[in-house]
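What follows is each chain in one-letter form.
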Amino acid sequence: MFVLGLESSCDETAVAILHGRRILANLVSSQLAAHRPFGGVVPELAARMHLEALRPLLHAAMAEAGVTLAQIDLICATRGPGLIGALLVGFSAAKAIAWAADKPFVGVNHIEAHIYANFLAEPPPVPPLVCLTVSGGHTGLFYLPEHGRLQCMGATRDDSAGECLDKAARILGLGYPGGPAIERLAVKGMPRLSLPRPTIEGSLDFSFSGLKTAVVNLSHRLIQQGEELPRSDLAASLQESVVAGLASQLRAAATACGARTILLSGGVAANKALRERTAALAAELGAAFFVPPPELCTDNAAMVASAGSFHFARAGPDGLDLGVDPDLTP
Ligand code: KG4
Ligand code: ZN
């Protein structure tokens with residue numbers, strides 16, 4: 001089965017074509033450079049840039065995969081959560097193509113898509129499993145007893161882990177996106193500064209706003225005292241606090257449901273320290289561990305096609321009257 005996936009929920013326009021679970025094309029047009037001067041994603045700009053990028057990217061993906069529209073068996077697009085204007089571009093295009101070419105269509109939850117990036121592995125993970133999903137828009141722990149029954153075990157009560165890293169990076173003058181910049185700087189520093197953990201005791205939830213504020217306050221205090229910012233130590237301490245907090249809640253979740261399989265996903269899962277810490281945790285718990293390669297952790301359309309394929313096999317196509325939902329929950 002040839003599956004076309006479209007992703008446009010934030011600042012990456014992405015098109016992918018799968019044959020079964022094999023990736024034939026996986027193209028991403030990033031808007032990072034356009035948003036960088038603003039220190040974050042400008043929604044209106046994002047929507048306009050998706051509109052410009054989508055058609056050429058679609059043609060390039062078809063050419064790379066060596067597949068024509070007539071051969072495509074299923075069309076999937078991200079339905080939410082995300083920026084409404086951005087979502088509408090990819091979603092409307094996918095529905096229009098599905099209608100014109102008379103192909104089945106599936107709307108995909110972006111968070112589920114991040115989780116299903118793991119199902120492109122060979123061999124794929126097998127539920128029941130626990131998944132930690134950490135992106136710029138979301139941070140959560142999920143239990144998947146079987147396909148189609150995703151349950152949220154814990155989530156952030158305020159900022160996501162990615163947001164926390166992005167905002168802290170802005171304070172440190174590292175630019176946008178902050179996650180990769182913090183990671184590069186952290187390698188040069190020591191995690192010697194004391195920062196709060198982003199966990200909430202007695203629950204599997206997270207809170208990253210206190211950690212973010214602690215970085216702001218510490219930076220301001222040092223600047224006021226005329227001291228030079230220990231930027232690499234601050235980056236290392238922040239990364240350590242984020243990774244340790246995520247890992248300890250993942251441990252609690254995996255233990256609570258006796259998970260034999262642990263998954264990691266989302267843009268922050270591209271972080272080497274987090275990948276290593278969660279892999280070590282899984283090994284300690286005797287669980288199988290899956291994390292997508294970094295390019296499938298950050299936003300892409302292969303994960304959308306993957307999630308859409310599983311949805312289609314289980315529940316069939318969606319109607320073309322389905323709309324986007326910027327606040328869609330898993
Ligand atoms: O999943 P994603 O591409 O988009 C959303 O769905 O939000 O995640 C983007 C987030 C950003 O906050 C970015 O700073 C973070 O992922 N990120 C990283 C790394 N690469 C991307 N965070 C830490 N280390 C990285 N290497
Ligand atoms: Zn994402």
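Here the structure is a predicted model, which is why all the values come from computation and not from measurement.

Asker: Is there a simple way to think about the pattern of salt bridges in this case?
Answerer: Opposite charge on two side chains permits them to pair, given that their charged atoms come into close proximity. By the definition in use, this model includes ten salt bridges. For the salt bridge of Arg21 with Glu122, the shortest nitrogen-to-oxygen distance reads 2.7 Å. Linking Arg21 in the loop between strand 2 (12-19) and strand 3 (22-30) with Glu122 in the loop between helix 4 (110-116) and strand 6 (129-134), this pair joins segments that are 101 residues apart in sequence. Exposure remark for Glu122: the relative accessible area of 65% places this residue in the exposed category. Across the salt bridge formed by Asp159 and Lys212, the nearest N and O atoms sit 2.7 Å from each other. In this pair, Asp159 sits in the loop between strand 8 (151-155) and helix 5 (161-171) while Lys212 sits in helix 7 (residues 209-224), placing the two residues 53 residues apart along the sequence. As far as the burial class goes, Asp159 and Lys212 line up, both buried.

Asker: I tried to follow the coordination of the zinc ion (ligand 2) on my own but got confused; where do I start?
Answerer: Working reference: metal with six octahedral donors, ideal angles 90 or 180 degrees; metal with four tetrahedral donors, ideal angle 109.5 degrees. All of the protein donors around the zinc ion (ligand 2) are His110 (NE2), His114 (NE2) and Asp299 (OD); their distances to the metal are 2.0 Å. Mapped onto the sequence, the donors of the zinc ion (ligand 2) take the spacing H-x3-H-x184-D. Remark: Asp299 occurs in the loop between helix 10 (294-297) and helix 11 (302-315) and His110 occurs in helix 4; sequence separation between them is 189 residues.

Asker: Honestly, the pairing of strand 1 (residues 2-7) in this entry has me stumped. Any pointers?
Answerer: Regular strands place their side chains on alternate faces of the sheet. Burial runs high along strand 1: six of the six residues are buried. Taking every second residue as pointing to the same face, both faces of strand 1 are buried, with Phe2, Leu4 and Leu6 on one and Val3, Gly5 and Glu7 on the other. Bridge count for strand 1 against strand 2 is six bridges, and the pairing is antiparallel. Counterpart to Phe2 in the pairing with strand 2 is His19. The antiparallel hairpin formed by strand 1 and strand 2 contains four residues in its connecting segment. In this structure, strand 1 lies alongside strand 4 (residues 74-80), joined through four bridges in parallel fashion. Its bridge partner being in strand 4, Leu6 is matched across the sheet by Ala77.

Cut-offs used in this document
- Residues numbered from 1 in each chain as written.
- Chains lettered and ligands numbered in written order.
- Predicted model: local features only at pLDDT ≥ 70, side-chain atom pairs only at ≥ 80, totals over all residues.
- Heavy atoms only, no water.
- Salt bridge = Lys/Arg side-chain N within 4 Å of Asp/Glu carboxyl O.
- Helix = DSSP H or I, 4+ residues; strand = E, 2+ residues; numbered from the N terminus.
- Buried < 20%, exposed > 50% of the residue type's maximum accessible area, 1.4 Å probe, protein only.
- Donors = N, O, S within 2.8 Å, 3.2 Å for Na, K, Ca; no water.
- Pairing = 2+ DSSP bridges.

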